[in-house]
Amino acid sequence: MKRKKIIIGNWKMYNGPEQGHIFLHKLEEKLNNKKINCDFAIAAPFVTLPYIMPHDHGTNKGIEIDLCAQNFHYQNEGAFTGEISLAMLEQLGVRYGIVGHSERRQYFNETNKTVNLKLKAALNSSIIPVMAFGETLEEFEKNQTDDVILKQLTEGLKEINKTQIERIIFAYEPIWAIGTGKTATPKQAQKTIKKTREIIANIYDQKTAEKVRIQYGGSVKVENIKELMEQKDIDGALVGGASVDPDSFFKLITYDQN
Ligand SMILES: O=C[C@H](O)COP(=O)(O)O
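Residues numbered from 1 in each chain as written. Predicted model: local features only at pLDDT ≥ 70, side-chain atom pairs only at ≥ 80, totals over all residues. Heavy atoms only, no water.

1. What about the sheet that holds strand β2 (residues 39-43)?
Worth spelling out the cut-off: Whether two strands pair depends on DSSP finding at least two bridges between them. In DSSP terms, a helix is any run of H or I states spanning at least four residues, a strand is any run of E spanning at least two, and both are numbered starting from the N terminus. To get an axis, a line is fitted to the C-alpha atoms, and for a helix only the part in contact is used. The angle between two axes follows their N-to-C directions and goes from 0 to 180 degrees. Throughout, a residue-residue contact means that at least one pair of heavy atoms, one from each residue, lies within 4.5 Å.
With parallel pairing, the eight strands of this closed barrel are ordered in space as β1-β2-β3-β4-β5-β6-β7-β8. Between one strand axis and the next, the sheet turns by 25° as a mean value, whatever way the strands run. Bridge count for strand β7 (residues 214-217) against strand β8 (residues 236-239) is two bridges, and the pairing is parallel. In the strand pairing of β8, G217 is matched with L238. Here helix α8 (residues 186-203) sits on the sheet in contact with β5 (128-133), β6 (169-172) and β7, set at roughly 145° to β7.

2. Let's talk about the site of the ligand
To keep things clear, this is the line we draw: Think of it this way: one heavy atom of a residue within 4 Å of a molecule or strand is enough to make that residue near it. Here a polar contact is recorded for every N or O atom pair within 3.5 Å, except that within protein the pair must consist of a potential hydrogen donor and a potential acceptor, and residues adjacent in sequence are included only if both atoms are side-chain atoms. The Shrake-Rupley method, run with a 1.4 Å probe sphere, supplies the accessible areas, and residue values consider only the shown protein chains as cover. Side-chain classes are defined by residue name, with Ala, Val, Leu, Ile, Met, Phe, Trp, Tyr, Cys and Pro counting as nonpolar, Asp, Glu, Lys and Arg as charged, and the others, Gly among them, as polar.
Taken together, 13 residues are adjacent to the ligand, and K12, H101, E173, G179 and S219 come closest. Interatomic distance of 2.6 Å between a backbone N/O atom of G179 and an oxygen atom of the ligand. S219 has a polar backbone atom sitting 2.7 Å from an oxygen atom of the ligand. When isolated, the ligand has an accessible area of 300 Å², and the protein chains bury 95% of it. Across the shell around the ligand, the residue classes tally to four nonpolar, seven polar and two charged.

3. Section: the pattern of salt bridges
A side chain of one charge can pair with a side chain of the opposite charge if their charged atoms are brought near each other. Put simply, the rule is: A side-chain nitrogen of Lys or Arg and a carboxyl oxygen of Asp or Glu constitute a salt bridge if their distance falls within 4 Å. Each residue's exposure class comes from its accessible area (1.4 Å probe, protein chains only) as a fraction of the maximum for that residue type: buried when under 20%, exposed when over 50%, partly exposed otherwise.
Applying the stated rule across the entire model yields 17 salt bridges. Between E210 and R3 there is a salt bridge whose closest N-O contact spans 3.6 Å. Of the two residues, E210 sits in helix α9 (residues 206-211) while R3 sits in the segment before β1 (6-10), which places them 207 residues apart along the sequence. Here E210 falls in the partly exposed class, since its relative accessible area comes to 26%. Using a relative accessible area of 11% as the deciding quantity, one classes R3 as buried. Where D235 meets R197, a salt bridge forms, and the shortest distance between an N and an O atom there is 2.8 Å. In this pair, D235 sits in the loop between α10 (225-229) and β8 while R197 sits in helix α8, placing the two residues 38 residues apart along the sequence. D235 gets classed as buried once you look at its relative accessible area, which sits at 2%. Within the structure, one salt-bridge network assembled from shared partners comprises R3, R197, E210, D233 and D235.

4. Thoughts on the UniProt feature "binding site: substrate" (unreviewed entry) in the protein chain
To keep it simple, the criterion reads: UniProt positions are given in the numbering used here, feature names are shortened, and annotations may be inferred rather than shown by experiment. Grid points spaced at 1 Å and placed over the protein atoms alone form the basis of the search, with a cavity being a set where a 1.4 Å probe fits but cannot get out and a pocket an open set showing protein on both sides within 12 Å along at least five of seven lines. Lining residues have an atom within 4 Å of a point.
Feature annotation in UniProt places "binding site: substrate" (unreviewed entry) on N10, W11, K12, G179, S219, G240 and G241, given in this structure's numbering. Considering the C-alpha atoms alone, the annotated residues occupy 232 residues of sequence yet fold into one spot, their largest mutual distance being 13.8 Å. Checking the named residues against the largest pocket, the ones that line it are N10 and K12. Inspection of the secondary structure puts G179 in the loop between β6 and α8. Here G240 shows up in the loop between β8 and α11 (246-253). Overall, the relative accessible area of 17% leaves G240 in the buried class.

5. Describing the layout of surface pockets
Condition: Grid points are joined across faces, edges and corners, and a volume is the space filled by probe spheres set on the points.
The computed volume of the largest pocket comes to approximately 420 Å³. If you go around the largest pocket, you meet 15 residues; those closest to its centre are K12, M13, Q70, R104 and F108. If you tally residues by element for the lining of the largest pocket, the top one is helix α3 (residues 102-107), at three residues. Taken together, the residues of the lining of the largest pocket break down into seven nonpolar, five polar and three charged.

Below, the structure written as structure tokens:
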């Protein structure tokens, strides 16, 4: 089955409104009616999202960057200081939302349980969830990758049915490869993502597993994206550091044209 690639730039806590605005201008110049063959989106900080929206302040002359949230709360509203709901993101026209990023798991107590709650909430909204998962260096070195992923997927996808799961985008991110410059080799990434597809086939079925898109994330850059994207089971990339600069992001989303 042919799955369309999807490249999401996750800016993390970089690029505020001013830089976002400049990024948009620069990317727009580069795109200039160029055909982009993959889906692409930017996960900007919440305060920056309105500045990279289509038709923002009349600056965007036609490119449509899909917006992605880096996080969201699973409740619709309530006394949750500092949180943002899916309904609020919908009002901004946000298309995707990341769930379970390792930095959220590490620093903000995101667990498989909250991942599950967030996935279920997103599946009841118009936001497409991007579920991140992956193992630590220690787990990798102890050969525990498959077990860790099995647990993250089984618990994260609890009570989510076959039709719903097709809307989820998966992002395999080995934690030891995030921001470290150490990329999993294309072969390693392919092997684990293939395993992920097998796990999904076991929980649901083969047909469903063939349909879902699974990205790779972890030190993806202009120099290595092409080889990663050529792997049979890798359907895109979740890119941190290399997505913050417009030249680099442009090269990433046109990796197949260079
Ligand atoms: O969300 C993106 C990933 O954490 C990868 O970050 P990185 O490309 O800076 O390694």
